[in-house]
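Here are the chains, one letter per residue:
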Amino acid sequence: MAVTLLRVLVLGVIAAAADDVPITWSSPPRASLPCAVPDADKITARRPPPPLDADAWKRPSPTLIWKKGGKELTTKLKNGALDVLRKKDGSSEGVYQCQVRHQTGFVLGLPMHLKFAHLDKQFRVSPENSTAVAGQPFVLSCAINSGPAALVSWQRDGEPLPQNDRYFVLNNQLLILDVRKEDVGLYRCKATNPLAKRPIQFSNSGRLEVEDSAAVDAEPSFLALQYDSTVSAGRGDRVALPCPVTGYPRPKIIWEFHRPGERISELEDTSEVLVLEQLDPEQEGAYVCTVEGRSDLERTFNVIIPVPVNITLPPTSKQVPRASTVRFNCTAVGNPPPTITWYKNGEPLVLADRIVVRASANDEKRMELLIRTVTSEDSGVYQCFAHNGLSWWSAWATLDVTGAGAAAPAGVRCWAAGARRVLVRWPHVNDSMAYTLQISSPGGQSLPSQPHTDTEETATLNEALTPYRFQVRAYIQSSKNNKNIASDMSESVTCQGQGVPIRFSRKGNDVLVSWRQFALQTPGVKQWILQYKVDNTTEEQNVTLGAAVTNYTITMSSPTPLQIRVLGTRQLPWLQQDLSLVPWTSTVSSNTDADAGDQATKIDQVQVTEVGSRDFTVQWHCEEAETSPETYVYLLCTKKQDEDEDCEESLDTQVRVDNLWPGTEYSVRVKVKSPLSSRAASEFTQPIRIVTQPDGEERIKDLTYKVINASTLRVSWNSVPDKYRVYYKNKLELPINQWPSVETVGNTVVLSGVDLYKELYVMVSGYEPVGHSSVLKIPPQVSGMCTSENTKESLLYHIICYILHPNLFYLYNYNSEATDLKYTFTNDGVTCTWEGQGPRVVRYSQNLTQPVDKWTSVNVSDNSVHITGLDSSLKTYVMVWPAGAYITIPEPPESPMENLSFYIMVGLGVGVLILCLLFVAAVCIWHHRRKTRSPVRNRSRRSVSLTEGHEEEGAEMKNVGSQLANGGGSKDAGEPLLNGHVHITENPNQSKTPNGRMRKGRRYEQPFDVARYEDPDTTLETVLDDTSSTTFNLLDTSRRPEYDLSRSSRDLSANNSFNKLPDDNMNSELTRSTDFQLDNSKILPTLQPNG
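Caption draft 1: Quick peek at the overall build of the protein chain. When you go through the protein chain residue by residue, the secondary structure sums to 5 helices and 77 strands. Relative to its 1091 residues, the protein chain shows a buried fraction of 41%. Counted over contacts in the protein chain with a minimum sequence separation of 6, partners at least 24 positions apart contribute 65%. Of the accessible surface of the protein chain, which amounts to about 60500 Å², a share of 50% is contributed by carbon and sulfur atoms.

Listed below in structure tokens is the structure:
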């Protein structure tokens, strides 16, 4: 039976999935289906024992199996693909799926729904001869059986249809908007299907005639049209939503767009076919077209952009010891949202007890497969499939349960021990250290108990009279490594709590038994069985009762003591189990009062919470009941003023009292009676008084309103200031919670943007407690005579309506009204102009909530007005009366030339400041240079005798007046260098430097004193002492030596280049010679005139 059920379940899953698998079309007569297995590179086949010759061993290839409808197929190609030959009866089409053997199980490939392409020879629907009315829409139909859908195009008079924005090719139909005489002709369809390998098919032709419109009023109605309410298109596609309407005069179409989570917005497009060019995600949502003035004519299109399924968080393989908890993630995204199905070893995974799918505790969007207390049987391949009707994807992982094994406990039994208690026992397992009891509820939740060393456990269940499954796991200490080894689970046993708490009383020989309180707390019971027997006997009497029965009277011939118990079940047939531990209740203890020596049970901490308009919760505490809660029965009594007390029994210390009156005072008290305990009944607690909340409309009263202007209304009500939501709409229709609404804190709200020329319905709802007012109907705020038909006839009507409604302005047409109201900004305000002549009253304000009669008024005789004194940060509202032209002027834009003078003044100030700073800096630099000039000092000239001879090159020191200079004249005065040296020129031509550059004429009023040697071509650092000789040992090797090539290097004393000091860059010139030999001891540095 179980095998048959599982087979039916598997076939049902496959059949259900077939409709969700995208169709794979193939050209006849045969198809080759590849085996698409996700992460196929991770699959390795079982490795057989290696042969004796290791070189002859090859890696085994994975075993591949194809199935269709649960049956294994054999026709496979070498690459693992399946070869399918088309059959005339269509049996070769269907869902195919491959599976590959893994080391621990099977991995499924993606399913493929195979169909062979086809195209019929004839059209099943062809255009017919028809007559269309000029100016009305018309549709022509043609259809042909084809798979996939054929490419259909239309022809008129044998030629393709001309490009025309009135022609729309829909599914199997041609829609012509605003039919004209030029549309007359013969129409036919052309169908092609390249995949079917069939020739092009043409339909029969139908002639379309066009007749003139009769210009007779006709009620609007939708044109009979085939359309899909759900439109699926890719991003960037062109989508046409047809909503053609017939009628005369031509009806007006209103398009509304609603995105999920946003308010409905009205589109500007009023065409009968709404075209969405370049579809993007911002255009996804519901499009509703309605006929103006006819709310019953409505058509809705849901536009979606499909997104293929993608598994963003796949499962990962795990290796865990027994008794662990394992989680496999499988989170997928797509549009529509995908559905996830789990498989184990290629078969649908049964989700129950220890194995459930739920949202992650850390992220509700992340779904995970949870396996609690794993066993060896849980090892295998776990694979999730995500599909959304458009695509499929899959991911898989392996679970390996490792560790040393231990024998599972055997001989587990269970007994019902109370309405919510079950006793479970099992034999002792050798060397066991502890046991845990696994409790699995019908809803699929499975949790282990705390480890203990006993061989029995009494489980307290959450639901009474509900079957639970129980398994036992043993923990054994390993003799090898002293580690704990968890065994596999034992065979499961099923038991449910049994034994209903009852109340009974005697009336003569009869015994009245009641279990009403338990029945109210335990809904869903299908049948009751009342059992009773005489004390000290074993013969039982059974009375079967219906689900609605909650009491029964046992009639006896004598006041014989009885043992009574009541059983119940939530499923039929009854679960067969051992009831020997279900307690009996003796009638001897009924209606006995407490003896004087008995200690009464104490109740304390009585509280009333969650007070609503028609119910509240009473809870209390009883310390004695914590040890044996099922032996105590509580009596809760509720009393309304001037009425009898209503009492009910309870086994719990919390009761929800309902069916109360709103805004009414009640008193509550509690007592306890323990028919199964030796302790006496307690006295009633002191009564607690409580008043229920007012209900619904009585909480929010006296709704009033005040008109502020033509689009603004203030609504007030009489209630405690709190958080409220105000709903409003011009049409009374349900549901009200979809009306436009605003939230407010207080007891008044201003509604803006409402249409007060129509009836307006308003309702206020509250939160804590939940309540609402009655629906307030606000009539149109315009008199019967102040309508568009009257006000457009005469100026007198405008004046009368203004007297009747001074706080409203009117938007009705008048034959001399101001039209095309425009505005332009000026330097000091704004100028409004309009078309039309005649005196006007112009009213304007920057506070829209202010009544119109309090707006600033200006009388003008021209067609323009200049308004000044406005706040540039606010909008301006202008109305030209009596025509009623109205315009909203936004805040004026900031002019780039507005603050030009300010910017010019700032620029001039900054420029003057910069010039002052530059002048101060120049003065400081000039003073600094004057202070740093050296005064004229007389220094003794020194001559240095050199041991080597020199060749004179015409360099000398000359006196200019009483001053020293280089080269003789004052214009050639020597220039002090930065390192404190003075350069003496070597060029006989005093107008050039030794480097060949022109010497600048400079005059030094305070030249430096220079020490000079006997050799006119050598210079020495200026000194202040009287030393007669100085040793020259300075050499600059920072650059390539430059020496005189015309002189011999053997006579260094004759090469005067070595007698020069280094310049400011610490460069020196070496004697240039072809046979030069460097001797650092005879090189003298020199100075260059580069300063």
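Caption draft 2: Quick look at the nonpolar core. Ranked by size, the top nonpolar core spans 24 residues in total, and within it V513, W515, W528, L530, I554 and I564 carry the most contacts. Elements with a contribution of two residues or more to this core: β48 (510-514), α2 (516-521), β49 (527-534), β50 (541-546) and β52 (562-569). By size, the runner-up hydrophobic cluster in this structure holds 21 residues, among which are I144, W154, I176 and Y187.

Caption draft 3: Spatial organisation of the side chain of Q577. Following the sequence through the fold, Q577 ends up in the loop between β52 and β53 (585-586). For Q577, the side chain forms a polar contact with the main-chain nitrogen of Q496, separated by 3.1 Å. Look past the residues within four positions of Q577 in its chain and what remains in contact with it is A416, C495, Q496 and Q498.

Caption draft 4: A look at the state of the cysteines. Within this structure, the stated rule accounts for 6 disulfides. One disulfide in the model links C243 with C289; its S-S distance is 1.9 Å. The chirality of the disulfide connecting C243 with C289 is right-handed, given an S-S dihedral of about 75°. With C243 in the loop between β22 (239-242) and β23 (245-248) and C289 in strand β27 (residues 285-291), this pair connects stretches of sequence that are 46 residues apart. Each disulfide pairs two cysteine sulfurs, and for C330 the partner residue is C384, the sulfurs being separated by 2.0 Å.

Caption draft 5: Local environment of the environment of D535. Take D535: it is sitting in the loop between β49 and β50. On a C-alpha basis, the gap between D535 and T587 in space is 9.3 Å, while along the polypeptide they are 52 residues apart. Each residue touching D535, except ones within four places of it in the same chain, is listed here: P561, L562, Q563, S586 and V588. Only 2.6 Å separates the side chain of D535 from the side chain of Q563, close enough to count as a polar contact.

Caption draft 6: Highlighting the packing of aromatic side chains. Applying the stated criterion across every chain, the model contains 13 aromatic pairs. When the ring of Y343 is compared with that of F385, the centres are 5.3 Å apart and the planes differ by 80°; the resulting orientation is edge-to-face. Here Y343 is found in strand β33 (residues 339-344), whereas its partner F385 is found in strand β37 (residues 380-387), with 42 residues between them in sequence. Taking relative accessible area as the criterion, Y343 reaches 11% and is therefore assigned buried. Each member of the aromatic cluster is reached from another via a ring pair, and the members are Y227, W255 and F301. For R425, the ring lying beneath its charged end belongs to W415, and the centroid distance is 5.2 Å.

Caption draft 7: Geometry of the sheet that holds strand β39 (residues 413-418). Pairing in this open sheet of 3 strands is antiparallel, and the strands run β39-β40-β43 from one edge to the other. The open sheet has two edge strands with one neighbour each: β39 and β43 (456-460). The sheet shows a mean angle of 25° between the axes of neighbouring strands, taken without regard to direction. In this sheet, strand β40 (residues 421-425) lies alongside β39 in antiparallel orientation, the contact comprising 5 bridges.

Caption draft 8: Local environment of the pattern of salt bridges. By the definition in use, this model includes 27 salt bridges. For R30, the salt bridge goes to D83, with nearest N and O atoms at 2.7 Å. Here D83 lies in strand β5 (residues 82-85) and R30 lies in strand β2 (residues 30-33), a separation of 53 residues in the sequence. A salt bridge links R689 to E665, with the nearest nitrogen and oxygen atoms 3.7 Å apart.

Caption draft 9: View of unusual backbone geometry. Of note, the bond from N335 into P336 is cis; its omega dihedral lies within 30 degrees of zero at 0°. Within the secondary structure layout, P336 lies in the loop between β32 (331-335) and β33. In this chain, L572 is followed by P573 through a cis amide linkage whose omega measures 0°. Counting through the fold element by element, P573 comes out in the loop between β52 and β53. Phi is positive for D157, which is not a glycine, with a value near 55°. Note on placement: D157 falls in the loop between β13 (151-156) and β14 (159-160). Among the residues examined, D157 registers a relative accessible area of 48% and is labelled partly exposed. Phi at A323 is positive, roughly 70°, even though this residue is not glycine.

Caption draft 10: Structural view of the environment of V762. Relative to the assigned elements, V762 resides in strand β66 (residues 760-766). Taking relative accessible area as the criterion, V762 reaches 0% and is therefore assigned buried. Here the alpha-carbon distance between V762 and S774, two residues 12 residues apart in the chain, equals 8.5 Å. Each residue touching V762, except ones within four places of it in the same chain, is listed here: L703, V715, V726, Y727, Y728, L751, S774, V775, L776 and I778.

Caption draft 11: Structural view of the sheet that holds strand β34 (residues 347-348). Strand order in the open sheet formed by 5 strands is β30-β38-β37-β33-β34, and the pairing between neighbours is mixed. Edge strands, defined here as strands with exactly one partner in the open sheet, are β30 (318-321) and β34. Summarising the sheet, β37 and strand β38 (residues 392-402) pair through 8 bridges and their orientation is antiparallel. Residue pairing in the sheet places A386 in a bridge with W393 of β38.

Caption draft 12: Examining the side chain of S360 more closely. Among the secondary structure elements, S360 is positioned in the loop between β35 (355-359) and β36 (367-371). For S360, the contacting residues outside a window of four places in its chain are R366 and E368.

Caption draft 13: Structural view of a nonpolar patch on the surface. A cluster of nonpolar residues, F902, Y903, V906, V910, I914, L915 and L918, forms a patch on the protein surface that exposes about 710 Å² of accessible area. As for its placement among the helices and strands, I914 is situated in helix α5 (residues 900-932). Assessed through its relative accessible area of 45%, I914 is described here as partly exposed.

Caption draft 14: How the structure looks around the environment of A332. With respect to the element layout, A332 can be found in strand β32. Setting aside anything within four residues of it in sequence, one finds A332 in contact with V309, N310, I311, T312, P338, I340 and A386.

Caption draft 15: Looking closely at the pairing of β37. Taking burial as the measure, the 8 residues of β37 include 8 buried ones, the bulk of the element. Inspection of the sheet shows β33 paired to β37 by 6 bridges, in the antiparallel sense. Residue T339 lies in a different strand from β37, and its bridge partner there is H387. The antiparallel pairing of β37 with β38 creates a hairpin that spans 4 residues between the two strands, and G389 there sits at a positive phi of about 85°.

Caption draft 16: The confidence of the model for the protein chain, seen in detail. Overall, the predicted model of the protein chain reaches an average pLDDT of 76, with 73% of residues at or above 70. Segment residues 936-991: pLDDT under 50, and 154 contacts once partners within four positions in sequence are set aside and those in other chains are kept.

Reading the values: the criteria
- Residues numbered from 1 in each chain as written.
- Predicted model: local features only at pLDDT ≥ 70, side-chain atom pairs only at ≥ 80, totals over all residues.
- Heavy atoms only, no water.
- Helix = DSSP H or I, 4+ residues; strand = E, 2+ residues; numbered from the N terminus.
- Buried < 20%, exposed > 50% of the residue type's maximum accessible area, 1.4 Å probe, protein only.
- Contact = heavy atoms within 4.5 Å.
- Areas by Shrake-Rupley, 256 points an atom, 1.4 Å probe, with all protein chains shown as cover.
- Core = buried A, V, L, I, M, F, W, Y, C linked by side-chain atoms within 4.5 Å.
- Polar contact = N/O pair within 3.5 Å; in protein donor to acceptor, adjacent residues only side chain to side chain.
- Disulfide = S-S within 2.5 Å.
- Phe/Tyr/Trp six-rings, centres within 6.5 Å; stacked < 30°, edge-to-face > 60°.
- Lys NZ or Arg CZ within 6 Å of the ring centre and 35° of its normal.
- Pairing = 2+ DSSP bridges.
- Axes fitted to C-alpha atoms, helices over the stretch in contact; angles between N-to-C directions.
- Salt bridge = Lys/Arg side-chain N within 4 Å of Asp/Glu carboxyl O.
- Patch = residues over 30% accessible without salt bridge, like charges linked within 9 Å, V, L, I, M, F, W, Y side chains within 5 Å.
- pLDDT = per-residue confidence, 0-100.

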